[in-house]
Amino acid sequence: MLAARNRERLQALADDCARLGAHAIAVPTDVTDPAQCEAMIAQAVEHFGGVDVLVANAGATMWSRFDELEDLSILEHIMAVNYFGAVYCTRAALPWLKRARGQIVAVASVAGLTGVPARSGYCATKHAMVGFFDSLRIELADDGVSVTVVAPDFVVSEIHRRALGADGRPLGKTPMQESRIMTADRCAELIVAAAAKRQRLLITSRRGRLGRWLKLIWPGLIDRIARRAIEQRH
Ligand SMILES: NC(=O)c1ccc[n+]([C@@H]2O[C@H](COP(=O)([O-])OP(=O)(O)OC[C@H]3O[C@@H](n4cnc5c(N)ncnc54)[C@H](OP(=O)(O)O)[C@@H]3O)[C@@H](O)[C@H]2O)c1
């Protein structure tokens, strides 16, 4: 079952899935609304008889220093999508996931593991996700529901051009050097493989994996790497 806000694009994706031999339904949903998340899961149950895997992937980002932000509601909006959206979907799906001894795949970010300039509000949402899902993993261990937290590094997608700038409007074009970052297909392959193994944490880049350890002994170096990644945009 595929959920996002744009009905036409969702249906086109469901049609692509059908062409590849999968059975998919498109359910337009705004994850910032708990009632819509409940209704979306209810449709999944009605159509498929239950929920085995929940992938909490909907996300939005920003591109602005905090001291240049003109409108703080940007931070509330991205928290509503990234964090509360994942929480509402999880709450709705949980009874069914328990019944299926299923799994949750929570798409966070390397920005959920360390600070990143121009992304303070986004980092906060992803740190919130990591804290929430790390806690839930412990709570659900006896129910046989596993939690895979995904921490992608930069990926080519629409999120960069849709990132909200200091004035609260989408940038409109990507600031990233897209030829130098991971493709969405590759990222999806890594996520599927990690989910199949019920892996606890997937970090998609070498610098992300190394950074996790290095941060313990040399946190200032990790700050410099994060700063350079934003300045060089890859
Ligand atoms: N791309 C990266 O560099 C990167 C790196 C680390 C982590 N991530 C994470 O990966 C996830 C996927 O992002 P992406 O890079 O694929 O970005 P994307 O191309 O912009 O896709 C974001 C998806 O979220 C949906 N969405 C946004 N707001 C929503 C809402 N209120 N309700 C329901 N769906 C909503 C969008 O569909 P509609 O607009 O139609 O609703 C779209 O399908 C996000 O959680 C992001 O934070 C991305």
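Structure report, in brief.

The rules we used
For every chain, the first residue of the written sequence is number 1, and numbering continues from 1 onward in sequence order. Two thresholds apply to this predicted model, a pLDDT of at least 70 for residue-level local features and 80 or more for giving and counting side-chain atom pairs, whereas whole-chain, interface and lining totals are computed over all residues. For the side-chain quantities, the full set of heavy atoms in the structure was used; hydrogens and water were omitted. In DSSP terms, a helix is any run of H or I states spanning at least four residues, a strand is any run of E spanning at least two, and both are numbered starting from the N terminus. Residue burial is assigned from relative accessible area. The probe radius is 1.4 Å, only protein chains are included, and a residue is buried under 20% of its type maximum, exposed over 50%, and partly exposed in between. A contact between two residues is defined here by any heavy atoms of the two lying within 4.5 Å. To estimate the expected span of a helix, subtract one from its residue number and multiply by 1.5 Å. The arc in question is traced by the directions running from the helix axis to the C-beta atoms. In these notes, residues near a molecule or strand are those with any non-hydrogen atom within 4 Å of it. Pairs of N or O atoms within 3.5 Å make up the polar contacts considered here, provided that, within protein, one atom can donate a hydrogen while the other can accept it, and that residues adjacent in sequence are counted only when both atoms are side-chain atoms. Surface exposure here means Shrake-Rupley accessible area, sampled with a 1.4 Å probe, where a residue is shielded only by the protein chains that are shown. By definition, two strands form a pair when at least two bridges between them are found by DSSP. Whenever a helix is involved, its axis is fitted only over the stretch in contact; in every case the axis is a line through C-alpha atoms, and angles between N-to-C directions fall within 0 to 180 degrees. As used in this record, nonpolar core signifies buried Ala, Val, Leu, Ile, Met, Phe, Trp, Tyr and Cys residues forming a set joined through side-chain atoms within 4.5 Å. Put simply, a salt bridge is a Lys or Arg side-chain nitrogen that is within 4 Å of an Asp or Glu carboxyl oxygen.

## Comments concerning the overall build of the protein
Then step 1. Counting secondary structure elements, the protein contains eight helices and four strands.
Then step 2. The order of α-helices and β-strands along the protein, N terminus first, is α-α-β-α-β-α-β-α-α-β-α-α.
Then step 3. A principal-axis box enclosing the C-alpha atoms of the protein has dimensions of 50 × 40 × 35 Å.
Then step 4. By residue count, 43% of the 234 residues in the protein fall in the buried class.
Then step 5. Relative to all contacts within the protein whose residues are 6 or more apart in sequence, the contacts with residues 24 or more apart total 67%.

## Focus: helix H6 (residues 184-196)
Then step 1. Under the 1.5 Å per step criterion, the end-to-end length of H6 is 18 Å for 13 residues, consistent within 8% with the ideal 18 Å.
Then step 2. Buried residues of H6: Cys187, Leu190, Ile191, Ala194 and Ala195, and no others. For H6, the angular spread of buried residues about the axis comes to 130°, placing them on one side. The exposed residues of H6 that point more than 90 degrees off its buried face are Asp185, Val192 and Ala196.
Then step 3. Structurally, H6 contributes buried residues whose contacts are with strand E2 (103-107), strand E3 (146-151) and strand E4 (201-203).
Then step 4. A positive phi of about 50° marks Arg198, the residue just after H6.

## What about the site of the ligand?
Then step 1. For the ligand, the set of nearby residues contains 25 residues, the closest of which are Arg5, Tyr122, Val155, Ser157 and Arg162.
Then step 2. Between the ligand and Val31, the relevant distance is 2.9 Å, taken from a nitrogen atom to a main-chain nitrogen or oxygen of the residue.
Then step 3. Between the ligand and Glu158, the relevant distance is 3.1 Å, taken from an oxygen atom to a main-chain nitrogen or oxygen of the residue.
Then step 4. Protein chains bury 86% of the 870 Å² of accessible surface belonging to the ligand in isolation.

## Focus on the sheet that holds E4
Then step 1. Pairing is parallel across the open sheet formed by four strands, whose spatial order is E1-E2-E3-E4. Across the chains shown, the open sheet's two edge strands, defined by having one partner strand only, are strand E1 (53-56) and E4. With direction set aside, neighbouring strand axes in the sheet form an average angle of 15°.
Then step 2. In the sheet, E1 pairs with E2 via four bridges, with the strands oriented parallel. If you follow Val55 over to E2, its bridge partner there is Val105.

## Some thoughts on helix H4 (residues 120-140)
Then step 1. End to end, H4 covers 30 Å across 21 residues, agreeing with the expected 30 Å (1.5 Å per residue, within 8%).
Then step 2. Packing partners of the buried residues in H4 comprise E1, helix H3 (73-100), E2 and E3.

## What about the nonpolar core?
Then step 1. Counting 33 residues, the largest nonpolar core has Ile41, Val51, Leu97, Ile104 and Phe133 as the members making the most contacts within it.
Then step 2. With seven residues, H3 is the largest single contributor of residues to this core.
Then step 3. If we ignore the near neighbours within four places in the chain, the residues touching Leu97 are Val51, Asp52, Val53, Leu54, Gly102, Gln103, Ile104 and Val145.

## Here's the deal with the pattern of salt bridges
Then step 1. Counting across every chain of the model gives nine salt bridges.
Then step 2. Between Glu158 and Arg161 there is a salt bridge, with its nearest N and O atoms 3.4 Å apart.
Then step 3. Look at Arg161 and you get partly exposed, because its relative accessible area is 36%.
Then step 4. Each of the salt bridges in this network shares a partner with another, and the network as a whole consists of Arg9, Glu158 and Arg161.

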